[in-house]
Every structure is written in structure tokens, then in C-alpha cells.
Amino acid sequence: MFFLPLFPALLGYYFYQAVFENPVPPGLEFPKCHEYGLAPFEKLLNDLTPLSWVNNADAMRQPSWRSKYRSWCFDNPPTSELHVVFSDGTGREILEYKDKGAVDVKSKNGKRKTVVYIHGGGFVIGSPEGHSGPLRTIMDGSASNLMFVRYRFAPENLFPTSVDDAVFLVKWIFDNSDSLGVDKHNVHLLGGSAGGNLVLNVALELMKQGDKYPLKGVHSVYPVVNVMHDVPSMKQYQTDPTGFLNKADMSRFMVYYFFGDLSCIEDYYNNNHVSPRALKQYSEVVKKHNLSELANGVSLHPEKWNASSGVCAEKLESKLLDGRANLLLTSEEQLRSLKKTKVVVYTCETDVLRDDAYLFTGLLTSLRVPHIHVYEKNCYHGAIVDNTVGGKNLRGKIVQELNKS
């Protein structure tokens, strides 16, 4: 009974956020999670108390909490069609479909075109099983073998563990391509969100090895490429109307990833996590490559962003300046090495990370790195695993690009 008087206020706040603060773009179809039980109410409370949603890192470590992510918001339930082809006992695994079905098409050399998928989830949650159902359409549409990598999570395993795991597992696939029936000259990486960051990191690492790992393409979907956290889309969708990802979620994920606890959550959420040195280097990149005016008409003014000399900014500085976390600060030489493979970046309109992708593709353009930027209007963060119109269209665009290769 205590909560009954709160409902009118809660509903009023939600209406204000939805209509005035965070309007839904016309034509955007909501993901299924809005029809699931208490999910909308839980997201409402989350938005009302963004910094107190989780009180300690132990909650994020609970298997029961993480397992909810495997089916939450997905039209396609987690599939049991996967089997493990590699496991080293540490939590790192490679999986593929048991039944290739209609896609059991081999290349001229008797090996299969292969897409290696790296799932997202803020480097903290997610699973191959939870993504495998929706992604079956990509396997079918591109006539590819589809493999999944399972990497270790924060807060138990801090940055850059997930990067190292992803690099190790993809290299293992190449090194064992003969026994796996993989055409190592026709391997594509695909990943979304945190996975979008990881596939780019893997591609950059493979490029260092010359012809040993002849990657055919890297497909990065709404990737995490910038941890400065102050782009316009982060403010525009800071209380994401689709319920997949908002600014508070990103803040929690990143402090877990970097620190393993929430001690710096408030500074990160309020953009007080960037040291003067980190902001200076970031601003220099934006200025040098003329990135202040993004292709979507958004203007950036990093010289006006917050710089902090606090403890958290000092602790975070080395991470912000690390190109594996902040791909915008990857060396120009490394980024130019991507010329040796096909690069496709996919962006959704309703996404806190939207403008980060524009920054990254703008940087590639300045460095004359050939790439394709696919923009999906009626789409949102997380759509790759949902069966809304936006999700289907996004997967369709991915299939188109895979088939062009």
C-alpha cells in the first residue's frame, strides 16, 4: 500500500520523459521487452534512480541476474543448437551451430565462408546462446558458417581481458581452420556494441600479423569506440525510450569494465571522469581530422567539455588514452592498416552511441581508410537481436554487405 501513492507520480514522470525529454522518432517500433511483465516498470525505476540501481559489484556477479539477459527482450528464445568446438576451462569458448542446414555451402577449396560473431553486453553480460536465434537469419541469408566466441566478463575480469580473449579465440579459429572446415581467406568478424568494439580490436591486431590472418571483413554494429561520454546522442537518448541502453547503463558497464566496482560511477555519469591530459589529446584528434561537424549535422565542441583533476579521472586516464578502449585514440598507423580488409560500420538512429560511430567513420575518412557506413533510421541499440522492423532491416543490411564480399 505504501507504493500506491507513488504510481501517479511515476507515470507522470514517465510520460514527461517519453513525450518531452526523450521523444520517440516517428516510425520506430519498440522491442518486445515493452510487453514483458515488469520490464517497463523496472526500466522506469532505473531511469528515476540511475546511480542507485545497483549498490555494489556483487549484484552484477550473480548468475541468476546475468541469465535474465539471455532471454530479456528477445523474440527468439536462446537456442540449444550450438555446440562447443573449443574450451580451455577458463571461460573462453568457441561455439557453432550443430546443423548447418541450407547454409552447408563450401567454397572452391572445400572450406566454408565463416562469420565469427562476438556478442555485446557492456563487457559484463550477454552470451552466444542468447544471440544465436536471431542471428540464424544472417547465417542463412549469407550462406555462411556462423561461429560464436565466449569471452570473460567484468567485473571479475577487467579491461583488457575481453580484448585479449577475443583476439586469442579468433586467432585460434584461423590457426585451426583446416580441422574446422573454415575457409581462412573468407572469414568475416561481426559484433555489436561491446562486441563492435571487440571485432575492431581483433581486426587491428590481425592486421599486425601481415598475411598470416587474411581477414576478409569486419562488420561493427553500433560499436563502443569512444569513452569520453559527452557526445550529443548520449544526451539525446540518455533515458533511451526503447529500454535497451541508456547513459546510466553505459556508465555502470564502463566502470565495472575498468575498475570492477562502482566507486567512480557518479563521476563517470556526470562526465567528471576525463583528465585534462585525456581531454587535450581527444580534442586534438577532433580538431586535426575536422570531426567537430559530424555527417549527421551534429556539432561537437570538446573544448567545452568537462575536465577533472579528481581521483577517478586520474585512475581512468590510462584507460581513456588506450586505443583498445577508446578507438578514436588508436594510432593513425594502426587505423590505416584496416585498408587491408573490408570495414563496415552500422549505426542506428535511436542510440546513445550513434554519434560515436560518426566520429569513428569520420576519422577513417580523414585517414583515407575505405569503409562503408550503413545508417538505419528506424532502429535502436540492440536491434540486431530483436525481431522488430528495425532489427530485421538491420540484419538484412548486414547480409547484403556479407554477400557483396
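Residues numbered from 1 in each chain as written. Predicted model: local features only at pLDDT ≥ 70, side-chain atom pairs only at ≥ 80, totals over all residues. Heavy atoms only, no water.

Below, the discussion takes up the confidence of the model for the protein chain. Averaged over every residue, the pLDDT of the protein chain is 81; residues scoring 70 or more account for 77%. Residue range residues 9-65 is modelled with pLDDT below 50. Its contacts to residues more than four positions away, or to other chains, number 104 contacts. (pLDDT = per-residue confidence, 0-100. Contact = heavy atoms within 4.5 Å.)

The element strand β5 (residues 182-192) is extensively covered by neighbouring structure, given that nine of its 11 residues are classed as buried. Pairing of strand β3 (residues 112-118) with β5, which is carried by six bridges, proceeds in the parallel orientation. Across the sheet, Arg112 pairs through a bridge with Val182, a residue of β5. Sheet topology note: the β5/strand β6 (residues 217-221) ladder contains five bridges and is parallel. Considered in β6, the bridge of His188 is made with Gly217. As a crossover connection, the stretch from β5 through helix α8 (residues 194-207) into β6 is right-handed. (Buried < 20%, exposed > 50% of the residue type's maximum accessible area, 1.4 Å probe, protein only. Helix = DSSP H or I, 4+ residues; strand = E, 2+ residues; numbered from the N terminus. Pairing = 2+ DSSP bridges. Right-handed = clockwise from strand over helix to strand, strands pointing away.)

This paragraph deals with the side chain of Ser177. Tracing the sequence through the fold places Ser177 in helix α7 (residues 177-180). Classification of Ser177 as buried rests on a relative accessible area of 5%. With sequence-adjacent residues up to four places away left out, Ser177 is seen in contact with Val182 and Lys184.

Under the definition given, this model contains two disulfides. Two residues share a disulfide in this structure: Cys264 and Cys312, whose sulfurs sit 2.1 Å from each other. Because the torsion about its S-S bond is -90 degrees, the bridge between Cys264 and Cys312 counts as left-handed. Taken together, the positions of Cys264 in the loop between α10 (247-259) and α11 (265-269) and Cys312 in helix α13 (residues 311-320) put the pair 48 residues apart, joining distant regions of the chain. Comparing Cys264 with Cys312 shows no difference in burial state: the two are buried. For Cys348, the disulfide goes to Cys379, at an S-S distance of 2.2 Å. One end of the pair, Cys348, is in strand β7 (residues 342-350); the other, Cys379, is in strand β8 (residues 372-380), and 31 residues separate them in sequence. In this structure Cys348 comes out as buried when scored by relative accessible area, which is 0%. (Disulfide = S-S within 2.5 Å.)

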